Amino acid sequence: MRAVVQNDKNRAVLAVAALATAAAAVVSGCAGPGDGADVRPAAGQQAHRGAAPDSRAALVAAARRWDLDAVPLQPPAPPRLKPRITARDGFEVDGQEEDDLPPVFTTIPTRKKVVFLTIDDGAEKDPDFLRMMSELRIPYSAFLSNYLVKDDYGYFRRMQAEGHTLNNHTLTHPYLPGLTYEEQKHEICGMQEIMEREFGKAPTVFRPPYGNYNGDTLRAAKACGIKYAPIWDEEVFVDHWEYREWDRGLHPGDIVLTHFRGRNDWDGTMVDDMRRFLNKVTRDGYAVARLEDYL
């Protein structure tokens with residue numbers, strides 16, 4: 001009888017705790033994948049209308065809702081003194097320093113256990129992805145190619161309104177070293193013009209398609225107002241990771257690449273892709289920080 005009474009008490013305590021968590025989620029404005037509530041900003045970003053205060057209970061609820069193994073770690077405050085960004089050894093071009101060309105790099109110099117999520121091209125426009133990343137407050141940087149985003153600039157305006165940065169990934173995603181200087185300049189500067197027209201600002205960050213570039217690429221990028229040309233150290237797919245380094249692991253300051261893709265290209269969705277990404281970085285003790293906060 002005592003065991004039965006004790007079990008009843010335990011169930012009552014759990015029920016009260018569940019109600020408290022649910023109430024906290026409601027108060028903090030948590031919206032489920034199918035709800036139409038305003039999307040909250042990513043960590044460290046501009047406040048979006050209706051943004052709720054940071055709440056551990058809300059993050060716990062969001063991690064459970066999106067079926068994560070654990071609650072993502074929160075990044076430290078952005079550095080007051082920005083690190084000096086230089087071209088990665090072996091990734092320089094002739095005239096790199098003399099002409100002050102945008103550096104190509106794969107990692108941000110930092111001792112903090114942070115990584116940076118970057119997402120390329122813009123083919124898939126998954127509203128669940130926006131909700132997931134907003135509820136979990138995960139920052140990311142998008143590198144857009146016009147031929148893939150021009151059918152729905154509004155999707156990326158919403159992303160921008162949530163505090164995420166939109167960067168240049170050329171007009172048509174060509175193999176840039178196969179083009180002349182003028183052709184490369186058209187691809188990069190043309191995208192700058194579209195970014196300014198559609199999103200109100202021409203970016204200073206550019207990623208060459210496929211990570212391929214030459215001296216003309218960086219000279220054209222500089223002429224178009226570009227200051228940085230990050231590529232990546234790891235790439236995450238819906239079903240696996242790929243690594244640039246021999247140790248096949250994450251390192252402080254690594255830039256991680258993924259793509260706007262869905263079931264038409266992968267055996268899964270962007271939500272599945274982000275679940276794989278977040279589970280690994282959290283398990284390895286890393287938080288996701290905003291790339292542009294370190295530039």
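The structure displayed is predicted, hence computed values, not measured ones. (Residues numbered from 1 in each chain as written. Predicted model: local features only at pLDDT ≥ 70, side-chain atom pairs only at ≥ 80, totals over all residues. Heavy atoms only, no water.)

Quick look at the overall build of the protein
Worth spelling out the cut-off: The secondary structure listing takes helices from DSSP runs of H or I that are at least 4 residues long and strands from runs of E that are at least 2 residues long, numbered from the N terminus. Any two residues whose heavy atoms approach within 4.5 Å are treated as being in contact. Using a 1.4 Å probe, the Shrake-Rupley method yields the accessible areas, and only the shown protein chains count as cover for residues.
Each helix and strand counted, the protein has eight helices and nine strands in total. Contacts in the protein between residues at least 24 apart in sequence constitute 73% of all its contacts with a sequence separation of at least 6. Summed over all atoms, the accessible surface of the protein reaches about 14,000 Å², with 50% contributed by carbon and sulfur.

Observations concerning the nonpolar core
Counted only if it meets this: The criterion is simple. A nonpolar core is a set of buried Ala, Val, Leu, Ile, Met, Phe, Trp, Tyr and Cys residues joined through side-chain atoms within 4.5 Å. Only protein chains enter the calculation, and the probe is 1.4 Å; a residue is then buried if its accessible area is under 20% of its type maximum, exposed if over 50%, and partly exposed in between.
If you look at the biggest cluster of nonpolar residues, it comprises 42 residues, and the most contacted ones within it are Phe129, Met159 and Phe277. Considering each element in turn, this core owes the most residues, six residues, to helix α8 (residues 270–283). Once you skip the residues sitting within four places of it in the chain, Phe277 turns out to touch Val115, Leu117, Val236, Trp241, Val256 and Val288. Of all hydrophobic cores here, the second largest spans 31 residues; its members include Val93, Val104, Val114 and Ala229.

Observations regarding the side chain of Thr282
For Thr282, the position within the fold is in helix α8. Sequence-distant contacts of Thr282, that is, excluding residues within four places in its chain, are made with Ala70, Val71, Pro72 and Leu73.

Examining unusual backbone geometry
A positive phi angle, near 50°, is found at Asp100, a position not held by glycine. A positive phi is found at Asp121, a non-glycine position, where the angle reads about 85°. Within the element layout of this structure, Asp121 appears in strand β2 (residues 114–121).

Focus on the state of the cysteines
In plain terms, the rule: Our working definition of a disulfide is a cysteine sulfur pair at a distance within 2.5 Å.
In total, this model carries one disulfide according to the counting rule given. The disulfide partner of Cys189 is Cys224, and the gap between their sulfur atoms is 1.8 Å. Across the S-S bond linking Cys189 and Cys224, the dihedral sits near -100°, which makes this disulfide left-handed. Taken as a pair, Cys189 in helix α6 (residues 181–199) and Cys224 in the loop between α7 (215–223) and β5 (229–230) lie far apart in primary sequence, 35 residues in all.

Considering the confidence of the model for the protein
The line we're drawing: Known as pLDDT, the predictor's confidence for each residue is given on a scale from 0 to 100.
Averaged over all residues, the pLDDT of the protein is 86; the fraction at 70 or higher stands at 82%. Low pLDDT, under 50, characterises residues 1–53; the stretch is placed with 65 contacts to residues that sit more than four places away or in other chains.

So, the packing of helix α5 (residues 153–161) against α6
We count it as follows: An axis is simply a line fitted to the C-alpha atoms; with a helix, the fit covers only the stretch in contact. Between two such axes, the angle follows the N-to-C directions and lies from 0 to 180 degrees. Oblique is the label for any angle not covered by the other classes, which are roughly parallel (under 35 degrees), roughly antiparallel (over 145) and roughly perpendicular (65 to 115). Under this grouping Gly is polar, as are all residues other than the nonpolar Ala, Val, Leu, Ile, Met, Phe, Trp, Tyr, Cys and Pro and the charged Asp, Glu, Lys and Arg.
For the pair α5 and α6, interaxial distance at closest approach is 11 Å and the crossing angle is 75°. Between α5 and α6, the angle falls in the class roughly perpendicular. For the pair α5 and α6, contact is made by Tyr153, Phe156, Arg157 and Gln160 and by Ile194, Arg197, Glu198 and Phe199, respectively. Class assignment for the residues of the contact of α5 with α6 results in four nonpolar, one polar and three charged.

Some thoughts on α6
Note the threshold: Here the expected span of a helix is defined as 1.5 Å times the quantity of residues minus one.
Under the 1.5 Å per step criterion, the end-to-end length of α6 is 26 Å for 19 residues, consistent within 8% with the ideal 27 Å. Within α6, burial applies to Gln184, Glu187, Ile188, Cys189, Gly190, Met191, Gln192, Ile194, Met195, Glu198 and Phe199. Against the buried residues of α6 lie β3 (141–144), α4 (146–149), α5, β4 (165–168) and α7. Phi turns positive, to about 85°, at Gly200, one or two residues after α6.

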